[in-house]
Structure formats: structure tokens, C-alpha cells
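Listed here are the chains, written in short residue letters.
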Amino acid sequence: MKTYAGIPEENATLENSKVMLVTVPYDGTSTWGKGADKGPELFLNASENMELYDIETQTEPYLQGVYLAGEVSENSTPEAMTEAVYQKTKELLNNDGKLFTLFGGEHSVSIGSIRAVGEKFENLTVLQLDAHTDLRPDFHGSTSNHACAVFEANQKHNLVQVGIRSMDAEEAQYLPEGRVFFAHEIANNENWVNDVLEKVSGNVYITIDLDAFDPSIAPSTGTPEPGGLQWYPTLELLRKVFEKCNVVAFDIVELMDSPMAKPTAFLSAKLYYKMLAYYDIYNNN
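K.L.:
Give me the overall build of the protein chain: which residues, what numbers.
P.N.:
A tally of helices and strands in the protein chain yields 8 helices and 8 strands. Over its C-alpha atoms the protein chain spans a radius of gyration of 17 Å, differing by no more than 12% from the 19 Å that the globule rule assigns to 285 residues. Once the C-alpha set of the protein chain is aligned to its principal axes, its extents read approximately 50 × 45 × 40 Å. Nonlocal contacts in the protein chain, meaning residues at least 24 apart in sequence, comprise 77% of its contacts between residues at least 6 apart. When the accessible surface of the protein chain is summed, it comes to about 11,800 Å², and 47% of that surface belongs to carbon and sulfur atoms. The positive charge centre, built from 20 side chains, and the negative charge centre, built from 42, are 3 Å apart in the protein chain.

K.L.:
Now, about the sheet that holds strand E1 (residues 19-24): what can you tell me, with residues and values included?
P.N.:
Ordered by their spatial adjacency, 8 strands build an open sheet running E2-E1-E3-E8-E7-E4-E5-E6, and the pairing between neighbours is parallel. Because the sheet does not close on itself, it has two edges, and the strands there are strand E2 (66-71) and strand E6 (180-182). Between one strand axis and the next, the sheet turns by 15° as a mean value, whatever way the strands run. With 6 bridges joining them, E1 and strand E3 (residues 99-104) adopt parallel strand pairing. In the sheet register, Met 20 faces E3, and the bridge partner there is Phe 100. Its contacts with the sheet put helix H8 (residues 261-282) on E1, E2, E3, strand E7 (203-209) and strand E8 (246-253), and the angle it makes with E8 is roughly 175°.

K.L.:
Residues and numbers for the packing of aromatic side chains, please.
P.N.:
Per the stated rule, a full pass over the model turns up 8 aromatic pairs. For the ring pair Phe 43 and Phe 103, a centre distance of 4.1 Å and an interplane angle of 10° mean the geometry is stacked. Separated by 60 residues along the polypeptide, Phe 43 in helix H1 (residues 39-47) and Phe 103 in strand E3 bring together distant segments of the chain. Members of the aromatic cluster, joined through ring pairs, are Tyr 4, Phe 43, Phe 103, Phe 250 and Tyr 272. Lying over the aromatic face of Phe 121, Lys 120 brings its terminal NZ or CZ to 5.8 Å of the ring centre.

K.L.:
Which residues make up the environment of His 146, and what values do they have?
P.N.:
Position of His 146 among the secondary structure elements: in the loop between strand E4 (124-129) and helix H4 (151-156). Relative accessible area serves as the criterion here: at 14%, His 146 is assigned to the buried category. Separated by 117 residues in sequence, His 146 and Thr 29 have C-alpha atoms that sit 6.2 Å apart.

K.L.:
Before we move on, can you summarise the packing of helix H2 (residues 78-92) against helix H3 (residues 110-120) with the specific residues and values?
P.N.:
Two elements in contact, H2 and H3, have axes separated by 7 Å at closest approach and are oriented at 40°. Judged by the sense of rotation from one axis to the other, the crossing of H2 with H3 is right-handed. Between H2, through Thr 82, Val 85, Tyr 86, Thr 89 and Lys 90, and H3, the contact on the second element is made entirely by Ile 111, Gly 112, Ser 113, Arg 115, Ala 116, Val 117 and Glu 119. Of the residues that constitute the contact of H2 with H3, the class distribution is 5 nonpolar, 4 polar and 3 charged.

K.L.:
So what about the environment of Asp 37? Which residues, and what values?
P.N.:
With respect to the element layout, Asp 37 can be found in the loop between E1 and H1. For Asp 37, a relative accessible area of 30% gives the class partly exposed. Not counting residues up to four positions away in its chain, the partners in contact with Asp 37 are Pro 25, Tyr 26 and Asp 27.

Calculation criteria
Residues numbered from 1 in each chain as written. Predicted model: local features only at pLDDT ≥ 70, side-chain atom pairs only at ≥ 80, totals over all residues. Heavy atoms only, no water. Helix = DSSP H or I, 4+ residues; strand = E, 2+ residues; numbered from the N terminus. Rg over C-alpha atoms; globule rule 2.2 N^0.38 Å. Contact = heavy atoms within 4.5 Å. Areas by Shrake-Rupley, 256 points an atom, 1.4 Å probe, with all protein chains shown as cover. Lys, Arg positive; Asp, Glu negative; His and termini not counted. Charge placed at Lys NZ, Arg CZ, Asp CG, Glu CD. Pairing = 2+ DSSP bridges. Axes fitted to C-alpha atoms, helices over the stretch in contact; angles between N-to-C directions. Phe/Tyr/Trp six-rings, centres within 6.5 Å; stacked < 30°, edge-to-face > 60°. Lys NZ or Arg CZ within 6 Å of the ring centre and 35° of its normal. Buried < 20%, exposed > 50% of the residue type's maximum accessible area, 1.4 Å probe, protein only. Left-handed = near helix turned anticlockwise from the far one by under 90°. Nonpolar A, V, L, I, M, F, W, Y, C, P; charged D, E, K, R; others polar.

Next comes the structure, spelled out in C-alpha cells:
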């Protein structure tokens, strides 16, 4: 039995796990760097090669149980993939008291999971860490394009965007007013983490595009943009969100295969595990 991070099987069954992990190896609409379909495999491999004791929280997050809930492999069309992710997420959310997590794939994989989570949880805040706004209503003839990843979420929920430093002019009209934290503003604001926290409340879905991070620490993404987030301030934000709010789901996307994929893969593995640690110590379920 293959388990997340090679953890013991007794910590990897649905019954014994507080965390469910779905992988979506999809890369059907990306427009520059290709290879995000290899992201889940790279992430899982890196996870098997990290220490399972978290120094910061002095915990072993895997002990709460992490269930590998399968792969969504539908890739015939972007819309079919979105529907398949939606149905898979909806099915898993029937397991109350468990954290839903997803690893992509390109960012379009988040559309279906956010849709399902938003149907189950009222007053949802979607916290997006990303270099790009991803607010186009449609792109290249599809509403399920990676450039449209949070358009629907912005229409239905409280969207908060962090790390943004690239967008198209047409997206300006869709920006969530007062809830966009641009990278150039973060760079000059020592209080940015607390400013973000003021906009985040209640039930929270966190979606992290790895290009939110600066390419110096996460180069292997589809569209690396200079001037991104750094490791420890980002962890500070995430820890405080888990402490303040009820994080009901999260995803990490846009890990791309490349000759230099390992540093970014390992960062994604550590990031995922850090979020499990914060969930572990602040989880009120």
C-alpha cells in the first residue's frame, strides 16, 4: 500500500485520518511552461524524503492521519476535468471532520474543488497566494482555463489575493476591492500579514500557486515571476490563518517538472506538511 510520505499504513486509512489528499495531474491549458501534470508525482516523491518531525510546532503532523484519496485523471477537456474534480471533492466532503487537500496540476484544477467546498460551507473566504490574479471570465475559449482559476470564486465568495504581481488589463475590473495585496506593496509594508488577516475570517479555503513564491526559492513553476513571497513570512501568514479561522480545505498547484525541479518539489512538500502541522495544533474539530 502506497502511503503519503511513506507513513505507516495505520496512519493512512480513511477511518484513521483527519486529512484527505487528492492529486490532479492535469496540465491541459497552461500557456508557457509545461509539465505541471508531473507535479503530484514530484511532490509525493519529495514528501517521502523529508523528516516527519516539525521543529517549529514540535509535532509529528502525520500522526493525525493522511489518507491518499486517489487521483483525478480526467483530461479530455478542461470542463470535464473541472466537473470530475468537483464530483470527487463533493464525495470526499461527506466525511465530516476531515480536512480536504488537493495537489495539482495547473491552477485550473482548483475551480471544481472550490465550487464543491463553497456549496458545503457558508461564508467562505478563498485565500489565494499567487503571482497572477487568474480573474479572466474565460481564456482561449474556456471558463476552466488556468487564467480563470478564481473568477468563479470571486463571484461567489470572499476572495483575498496575496502576492499578485502580474495581470491583464481586463482583469482590473474584477479585482476584489480592498482585498488584493500586491507584491510591490507587501515589499514595503512590515504589517502586511496582519493586514491580510483582517480580510480573512470564518471558513477558509487556501489555494496556493507556487509561483506566489519568489523564483529564487521556487523556480520550477509554469510562469515564475520576479519579486515574490519569501518562506518565513508566508509561513507566518499561514500559521495565523489556521489559528484565527476554520480552514476547511487547501490546495497547492503549479509545481512543474524541469531539470531543476527538486528544490521546488521539496519546498512544496515542506509547505504542505507545515500546513498539516498548523492544522494539527489549531484544529478544533
